[in-house]
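# Observations on chain architecture
Chain by chain, the residues run as shown.
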Amino acid sequence: MSYHLVSMDSRQWWFWWKRITTWTWNRLLALLPTVLAGFKSYSSRLREMAEIAGAEAGVLAISLIVNRQLHTLERSIWLVVVLSSIYAAIMLSGLQYERYLNSPTVISVDRDYRGWNGSLPAVTLCYYDHIDSFKANEYIQDVWNVSIIDEDYFYFMDFLYAVVNATASNYAELAKFAEDERFDQVDLYELIQRVDRPFEQVISSFDANFKVHVQMVMTERGSCYAINSPMSSVLSGKPIVYEEMEQPLSCQYGKQQCYIRMDLYESTGVLDVHSPYEVSATEANIVALHKSDEITASFKVLETVASKNLYELSVAQRKCVFNNEETSNLKIYSKSLCLARCRAVMALEMCNCVPFFYQFVEGPGCNPAGFECLLDFKWPIWALHICKCPSTCTEIEYTMQTVKKSSWGVKNNDEVASSETATSSFRWDLIPPKVRMRRDVVYSFEDLIVSFGGALAFFVGVSVLGLVEMGHVLFHNMLLDISTLIRWVYTQARRHRVIHREVAEASTSKHRPSQQRLSLADTAELPPFDYVN
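Residues numbered from 1 in each chain as written. Predicted model: local features only at pLDDT ≥ 70, side-chain atom pairs only at ≥ 80, totals over all residues. Heavy atoms only, no water.

So, on to the overall build of the protein. Scanning the protein from terminus to terminus reveals 14 helices and 16 strands. Counting the 533 residues in the protein, one finds 36% classified as buried. Across the protein, every contact between residues at least 6 apart in sequence was considered, and the portion connecting residues at least 24 apart equals 75%. Carbon together with sulfur atoms contributes 57% to the accessible area of the protein, which is approximately 34,100 Å² in total. (Helix = DSSP H or I, 4+ residues; strand = E, 2+ residues; numbered from the N terminus. Buried < 20%, exposed > 50% of the residue type's maximum accessible area, 1.4 Å probe, protein only. Contact = heavy atoms within 4.5 Å. Areas by Shrake-Rupley, 256 points an atom, 1.4 Å probe, with all protein chains shown as cover.)

Here it is in structure tokens:
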């Protein structure tokens, strides 16, 4: 068998296309009266619902808009007024919501200073001479099997000094040992712990019953001692709970002479005075303490306290973080800790290692080759401009107001003091403040809700209860219309089934053979049967 493809010419296509379009157009024209009638009924129902909703909500303007007895121009004017009022209410509510998101807080001045309590400043003390010579000899002998009589002894000793004296801003001497592979596997932090010389300080304060906390920490200045600084315990990298941290020494301004005194023995160093809730990271209050120096410094304090209502806002809204909040991958937050971690993370991204100054940041430690890589990238100079961290909601800023320095002079050989005699001392005290800053919520969520209600009442003239009533009316009438539509569809479907069944029965009876059934009267007229035995 062969099949031939039948093709149609353009006239046949045009013929069928004209028939199809004509039939479609006729059907649409036939449905047009039904559509117009449905639209008219639907619009009438909408006007009825709007009139009922306006009456229930007490908004007369809605009833006037759908009132067909009024002139079209008057109804149009009312429509423009209602739409303009709704637009103004939405715009004003949007501005109020934007204010709640961006600036719901305020910083005010508090002057009721008579009952204030404040924390004394923390001090981070970094000694000049870190290395214990005996421990250094043992370390060189154990690790590299080099004694003092060997030729490379002083080379290894120079390496130890370069490690111990390295800081985040000055590590060029350590980078010089990058080419020596013998130092690649050395744990520099462990090295410092093994050769570091412990120091003793005598701490006294105005409160004889309070023991000022002193701990050895690793900072960006190297191995130092933190005094009255509970936040510095985070630098160790050990898990710490904020509520279990030791509290700094505090005093009541105006009623107590607030001071801490520290005496040093045969040692000198550099002091950094900072907030007890921050770590040593700035150069603002650096004091050099030499032998036979006796320094008394008075500090001016500017404190910022925070309202408990700030906890209800997000960090983006209040633009500050509380110390006990977890953010920036820090379990306990402070701005100086956040900035230090940022610098450590940048070093990790650039050179795949973390300098030993940041024990609280996870990652492989830098060896001398890693420090050479950091030196090539000029770290951390460029990191200082990139790292940005939010401030803490409670801040304490100390400014050195007065400093008094006196020197005892060098003693003669006959008057050499014993080891129990202090060679230098440092005393820091506070000037009682009369002003402090208070961070509080000026625009809360409750104020936002009230502003929404005020905008609706002023422009639209409706309250929340009116909106609920309007929604109830619309929802109720919508359910009624839906139920009516469902009943109508069900009735039409049932009617269609009945008609379809009748048509089917009629068609069946037409094709069935005719059978005449006799009635009882007809059978009575039949002749009787004859029975034959």
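Next comes the rest of the account.
Turning next to the environment of Val217. Its place among the elements puts Val217 in strand β5 (residues 214–219). Taking relative accessible area as the criterion, Val217 reaches 7% and is therefore assigned buried. Beyond its immediate chain neighbours, meaning those up to four positions away, Val217 contacts Gly222, Ser223, Cys224, Ala226, Ser232 and Leu235.

What follows concerns the state of the cysteines. Scanning the entire structure with this criterion turns up seven disulfides. Paired by a disulfide, Cys251 and Cys258 hold their sulfur atoms 1.8 Å apart. One disulfide, between Cys251 and Cys258, carries an S-S torsion of 105 degrees and so falls in the right-handed class. Two residues, Cys342 and Cys387, share a disulfide whose sulfurs are 2.1 Å apart. Linking Cys342 and Cys387, the disulfide has an S-S dihedral of approximately -85 degrees and is accordingly described as left-handed. (Disulfide = S-S within 2.5 Å.)

The terminal C-alpha atoms of helix α12 (residues 445–460) lie 22 Å apart, and with 16 residues this matches the ideal 22 Å at 1.5 Å per residue to within 8%. Within α12 the residues assigned to the buried category are Leu448, Ser451 and Ala455. Within α12, the buried residues cover an arc of 60 degrees as seen down the axis, which keeps them to one side. Summarising the contacts, the buried residues of α12 are in contact with α3 (72–102). (Expected span 1.5 Å × (residues − 1). Arc of directions from axis to C-beta.)

Here the bond from Trp379 into Pro380 is cis, since omega is 0 degrees, no more than 30 degrees from zero. Secondary-structure assignment places Pro380 in the loop between α10 (368–376) and α11 (383–386). You will see that Asn228, though not glycine, has its phi angle at about 60 degrees, which is positive. The exposure class assigned to Asn228 is buried, which follows from its relative accessible area of 2%.

Our focus in this paragraph is the environment of Ser204. Relative to the helices and strands, Ser204 resides in strand β4 (residues 201–205). For Ser204 and Met262, which are 58 residues apart along the polypeptide, the C-alpha to C-alpha distance reads 6.5 Å. Non-local contacts of Ser204, meaning those with residues more than four positions away in its chain, are made with Ile260 and Arg261.

This brings us to the environment of Glu98. Along the polypeptide, Glu98 turns up in helix α3. For Glu98, a relative accessible area of 45% translates into the label partly exposed.

A separate point is the side chain of Ser334. For Ser334, the position within the fold is in the loop between β12 (320–321) and α9 (335–351). In this structure the side chain of Ser334 is engaged in a polar contact, spanning 3.2 Å, whose partner is the backbone nitrogen of Leu337. The contacts of Ser334, once residues within four sequence positions are left out, are Met231, Tyr277, Glu278, Asn323 and Thr392. (Polar contact = N/O pair within 3.5 Å; in protein donor to acceptor, adjacent residues only side chain to side chain.)

Looking now at α3. Compared with the 45 Å implied by 1.5 Å per residue over 31 residues, the 45 Å span of α3 between its first and last C-alpha is a close match. When α3 is considered as a whole, its buried residues turn out to be Val82, Ser85, Ala89, Ser93, Gln96 and Tyr100. The inward-facing, buried residues of α3 abut α2 (60–65), α8 (315–318) and α12.

The next point concerns empty space enclosed by the protein. Throughout the structure, instances matching the rule amount to three cavities of 30 Å³ or more. Its volume calculated, the largest cavity comes out at about 60 Å³. Residue lining of the largest cavity: Met218, Thr219, Glu220, Leu235, Val279, Ser280, Ala281, Ala340, Arg343, Phe357, Tyr358 and Phe360, and that is the complete set. Contributions of two or more residues to the lining of the largest cavity are made by β5 and α9. Considering only residue class, the lining of the largest cavity consists of eight nonpolar, two polar and two charged. Of the volumes computed, that of the second largest cavity is approximately 40 Å³. (1 Å grid on protein atoms, 1.4 Å probe; cavity = no way out; pocket = protein on both sides within 12 Å on 5 of 7 lines; lining within 4 Å. Points joined across faces, edges and corners; volume = space filled by probe spheres on them. Nonpolar A, V, L, I, M, F, W, Y, C, P; charged D, E, K, R; others polar.)

Mapped onto the present numbering, the UniProt feature "transmembrane region" (unreviewed entry) falls on residues 20–39, 76–95 and 448–468. Helix makes up 100% of residues 76–95 and strand makes up 0%, while its end C-alpha atoms are separated by 29 Å. (UniProt positions renumbered as here; feature names shortened; annotations may be inferred.)

The next subject is a nonpolar patch on the surface. There is a patch of nonpolar side chains on the surface, built from Phe475, Met478, Leu479, Ile482 and Ile486 and spanning about 500 Å² of accessible area. Mapped onto the secondary structure, Ile486 falls in helix α13 (residues 464–511). (Patch = residues over 30% accessible without salt bridge, like charges linked within 9 Å, V, L, I, M, F, W, Y side chains within 5 Å. Salt bridge = Lys/Arg side-chain N within 4 Å of Asp/Glu carboxyl O.)

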